[in-house]
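# Structural overview
One-letter residues, chain by chain:
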Amino acid sequence: MIIRQLSLAQCTALISENRLARLACSSGNQPYLVPIYYAYDDRCTYSFTMPGRKLDTMRGNPQVALLVEEKGEARSWKSVVAEGRFEELPDRIDIKRERDRAWSLLSQHANWWEPGALKPVVEPLVDHASHVFFRIHVERMSGREAHEK
C-alpha cells in the first residue's frame, strides 16, 4: 500500500465532486459526528438542517471539520479533511443572497434536504418552517490517498 498527500487542487476536486461528508463539531469536551449532504463552492460548503443537537453544537462552537471520503477499487481510497467556521444563514433580508446561493447549489441534487430534514421522531406540525441553511467557510484542507503497490 502506498499513501500520498493530496495537493490543494486535488483536495478541492474531491470535495467539489462529492456531496456526502461527515461533520465533526464539539461542545465542551464532547465531540459530535454526523453525516450531511453539502454543496461546495468558492471555499465554502453549503448545507441544510433542522433544529437539534448538531445546530446547537455549531452555534455554541463554530469551529468544525468535514471529512469527505471516496472509495476506489480494491483497497484504494481518497479522503479530505476540511476545517473551518460554521455560519448560519438565517431567513433575513440582509442574508437573502447567501441563502439563495445555498438553495441554488443544494437544489441541483435530488433529495438535497436529506438527512438534515429527517429526524427519527416525528415532530409536531408547526405553522412555520424551522429549517436552517448554513455554510462552512473552509480555512484549511488536507488530504491523502492510498493505492495498491
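Model, not experiment: these values are computed from the prediction.

### A few points about the overall build of the chain
From N to C terminus, the chain includes three helices and eight strands. Secondary structure elements of the chain occur, N-terminal to C-terminal, as β-α-β-β-β-β-α-β-β-α-β. Scored against the burial criterion, the 149 residues of the chain give a buried share of 34%. Counted over contacts in the chain with a minimum sequence separation of 6, partners at least 24 positions apart contribute 73%. Within the structure as shown, the chain displays about 9,200 Å² of accessible surface, and the carbon and sulfur contribution to it stands at 52%.

### Things to note about helix 3 (residues 96-106)
Every buried residue of helix 3 is accounted for by R99, A102, L105 and L106. Projected down its long axis, helix 3 shows its buried positions confined to an angular sector of 135 degrees, all on one face. For helix 3, the elements touching its buried residues are strand 4 (39-41), strand 5 (44-49), strand 7 (77-89) and strand 8 (132-147).

### Considering the confidence of the model for the chain
Confidence along the chain averages 86 in pLDDT terms, with 86% of residues attaining 70 or more. In the model, residues 116-120 has pLDDT below 50 throughout and makes eight contacts with residues more than four positions away in sequence or in other chains.

Parameters at a glance
Residue indices follow the written sequence of each chain, beginning from 1 at its first position. This being a predicted model, a pLDDT of at least 70 is required before a residue's local features are given, and a value of 80 or more before pairs of side-chain atoms are given or counted; all residues contribute to the totals for chains, interfaces and linings. With hydrogens and water stripped out, all remaining heavy atoms of the structure feed into the side-chain values. Each helix is a run of DSSP H or I of at least 4 residues and each strand a run of E of at least 2, with the numbering of both proceeding from the N terminus. Buried, partly exposed and exposed residues are distinguished by accessible area as a fraction of the type maximum, computed with a 1.4 Å probe on protein chains only: under 20%, between the cut-offs, and over 50%, respectively. Pairs of residues are marked as contacts when any of their non-hydrogen atoms sit within 4.5 Å. Only the protein chains shown count as cover for residues, with accessible areas throughout obtained via the Shrake-Rupley method and a probe of 1.4 Å. This arc is taken over the directions from the axis of the helix to the C-beta atoms. Here pLDDT means the predictor's own confidence in every residue, given as a number from 0 to 100.

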